[in-house]
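Each chain, letter by letter, is given below.
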Amino acid sequence: MSLLQALHSEKRFLINVEMCPPRMDLPMEQSVDAWIDSNHLMRKMTALHRYVFLTDGAIGRREEPNLRHVTINLGADADRSRIIPILTTIHSLDYCLEFAARAYSLGFTSLVVLGGDKSDGMPRCVEHAYELRRLIRQRVPGLTLGGWASPHGGRRQVEYIVDRNYSADFFLAQIASHYQSDALDEFLEASAKLGVSIPAIFGVFYYRSANPKTLGLLSRFFPVPTEGLQRDFEAGISSDEICVQSVLALLQRGVRHIYVSNLPMPTAVKTLAEIEARVDAKLVVT
């Protein structure tokens, strides 16, 4: 089943994964472990008919190129239709167009194209990501293209999505949480009013701690509910439970497609299974 078919036909909620390829600067032993963990996660998720979104330099990391990582790490037998590379406009235009063509030729059927973080001050190949999606659509018409939106941006973000130039078949919604329900409600209400017709996959971040330095770094890239996280971690609420509450907040609002970001790689499969089991249990109770 293609990604678009799954997004349009799944009645039960589906939790997917966003993961970062290993950092390029890891020592050899850590690099080997990271490749093994990555292989395990991608194989397990695709075997479970989930989707894996592979980042492109997330939060300023120097990552292995995601296409290279998948093709070398998984080999030719992997179901690449369930692995979705993310491409940002931080590269040259020639690189981006070649990336899209190569991805399709290698069996990747979907690609998310977004602007990427601009805090580094580096020039982008286009001013807006929709311009790159449009060019890729012309070059590789068979690719399913994903856009991006912030659920913290209210009606203005939704207006971008419904614009005829958006050039996307679906979109990833940036990190949302139960701590930020007002912004989420505003975004979903605007989506309903303006008639968003393409499916969305909403992100949930797996917060491992309330370390001020870490939260400060993350806040450069998306709105972080620092006070709520500090309060709950101090009260002994676990990372799993915080993630479960955010997933439930989305499900209770009619969202059915979710991706979890920042899972601890060595235990990612087990952690996600436990989160999903707890979500199921709470849904039965409610």
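1. Thoughts on the overall build of the chain
Link 1 in the chain: Of regular secondary structure, the chain possesses 11 helices and eight strands.
Link 2 in the chain: Here the C-alpha atoms of the chain give a radius of gyration of 18 Å, agreeing with the 19 Å that 2.2 N^0.38 yields for 286 residues.
Link 3 in the chain: When its C-alpha atoms are laid out on the principal axes, the chain stretches across 50 × 50 × 40 Å.
Link 4 in the chain: When each of the 286 residues of the chain is scored for burial, the buried share is 51%.
Link 5 in the chain: The contacts of the chain with a sequence gap of at least 6 include a subset with a gap of at least 24, amounting to 79%.

2. Quick look at the environment of alanine 190
Link 1 in the chain: On the secondary structure map, alanine 190 appears in helix α7 (residues 181-194).
Link 2 in the chain: For alanine 190, a relative accessible area of 7% corresponds to the buried category.
Link 3 in the chain: Sequence spacing of alanine 190 and glutamine 157 is 33 residues, and the spatial spacing of their C-alpha atoms is 9.1 Å.
Link 4 in the chain: Look past the residues within four positions of alanine 190 in its chain and what remains in contact with it is Arg155 and Val158.

3. Overview of the sheet that holds strand β8 (residues 257-261)
Link 1 in the chain: Spatial ordering of the closed barrel is given by β1-β2-β3-β4-β5-β6-β7-β8, a layout of eight strands whose pairing is parallel. Mean inter-strand twist for the sheet, computed between neighbouring axes without regard to direction, equals 30°.
Link 2 in the chain: Direction of pairing for strand β4 (residues 110-114) relative to strand β5 (residues 144-149): parallel, over a ladder of three bridges. By the bridge assignment, serine 110 is partnered in β5 with threonine 144.

4. Observations concerning the packing of aromatic side chains
Link 1 in the chain: The final tally for this structure, using the stated rule, is six aromatic pairs.
Link 2 in the chain: Between tyrosine 95 and phenylalanine 99, the ring centres sit 6.0 Å apart and the planes meet at 35°, which makes this aromatic pair tilted. One end of the pair is tyrosine 95 and the other is phenylalanine 99, both in helix α4 (residues 93-105) and four residues apart, which spans about a single turn.
Link 3 in the chain: Classification of tyrosine 95 as partly exposed rests on a relative accessible area of 36%.
Link 4 in the chain: Exposure remark for phenylalanine 99: the relative accessible area of 8% places this residue in the buried category.
Link 5 in the chain: On the numbers, 6.4 Å between centres and 70° between planes, the contact of phenylalanine 171 with phenylalanine 187 is edge-to-face. On the criterion of sequence distance, the pair formed by phenylalanine 171 in strand β6 (residues 170-175) and phenylalanine 187 in helix α7 is long-range, its members being 16 residues apart.
Link 6 in the chain: Taken together, the aromatic side chains of Phe171, Phe187 and Phe202 make up a single cluster linked through ring pairs.
Link 7 in the chain: One Lys or Arg, arginine 12, reaches over the ring of phenylalanine 13 and ends 4.3 Å from the middle of that ring.
Link 8 in the chain: Directly above the aromatic system of tyrosine 166 lies the positively charged group of arginine 133, at a separation of 4.5 Å from the ring centroid.

5. Some thoughts on the nonpolar core
Side chains of nonpolar character tend, in soluble globular proteins, to be buried together.
Link 1 in the chain: Counting 60 residues, the largest nonpolar core has Leu111, Ile136 and Phe171 as the members making the most contacts within it.
Link 2 in the chain: Element by element, the count of residues in this core is highest for helix α10 (residues 239-251), at six residues.
Link 3 in the chain: Excluding anything up to four places from it in sequence, leucine 111 contacts Ile84, Pro85, Leu87, Phe99, Ala100, Ile136, Leu143, Thr144, Leu145 and Gly146.
Link 4 in the chain: Counting 25 residues, the second largest nonpolar core, distinct from the first, contains Phe53, Phe170, Leu218 and Val224.

6. A closer look at helix α2 (residues 28-47)
Link 1 in the chain: The first and last C-alpha atoms of α2 sit 29 Å apart over 20 residues, in line with the 28 Å expected at 1.5 Å per residue.
Link 2 in the chain: Residues Ser31, Ala34, Trp35, Asp37, Ser38, Asn39, Leu41, Met42, Met45 and Thr46 constitute the buried set of α2.
Link 3 in the chain: On the buried face of α2, the contacting elements are β1 (14-19), β2 (52-54), α3 (66-74), β3 (83-88) and α11 (268-285).
Link 4 in the chain: Within two residues after α2, histidine 49 carries a phi angle of roughly 65°, on the positive side.

7. Overview of the packing of helix α6 (residues 154-162) against α7
Link 1 in the chain: With their axes 8 Å apart at the nearest point, α6 and α7 run at an angle of 40° to one another. Of the possible angle classes, the one that applies to α6 and α7 is oblique. As for how α6 packs across α7, the hand of that crossing is right-handed. Within the contact between the two elements, α6 uses Gly154, Arg155, Gln157, Val158, Glu159, Ile161 and Val162 and α7 uses Glu186, Phe187, Ala190, Ser191 and Leu194.
Link 2 in the chain: Split into classes, the residues belonging to the contact of α6 with α7 amount to six nonpolar, three polar and three charged.

What counts as what
- Residues numbered from 1 in each chain as written.
- Predicted model: local features only at pLDDT ≥ 70, side-chain atom pairs only at ≥ 80, totals over all residues.
- Heavy atoms only, no water.
- Helix = DSSP H or I, 4+ residues; strand = E, 2+ residues; numbered from the N terminus.
- Rg over C-alpha atoms; globule rule 2.2 N^0.38 Å.
- Buried < 20%, exposed > 50% of the residue type's maximum accessible area, 1.4 Å probe, protein only.
- Contact = heavy atoms within 4.5 Å.
- Pairing = 2+ DSSP bridges.
- Axes fitted to C-alpha atoms, helices over the stretch in contact; angles between N-to-C directions.
- Phe/Tyr/Trp six-rings, centres within 6.5 Å; stacked < 30°, edge-to-face > 60°.
- Lys NZ or Arg CZ within 6 Å of the ring centre and 35° of its normal.
- Core = buried A, V, L, I, M, F, W, Y, C linked by side-chain atoms within 4.5 Å.
- Expected span 1.5 Å × (residues − 1).
- Parallel < 35°, antiparallel > 145°, perpendicular 65-115°, else oblique.
- Left-handed = near helix turned anticlockwise from the far one by under 90°.
- Nonpolar A, V, L, I, M, F, W, Y, C, P; charged D, E, K, R; others polar.

Nothing here speaks to function; it is all geometry.
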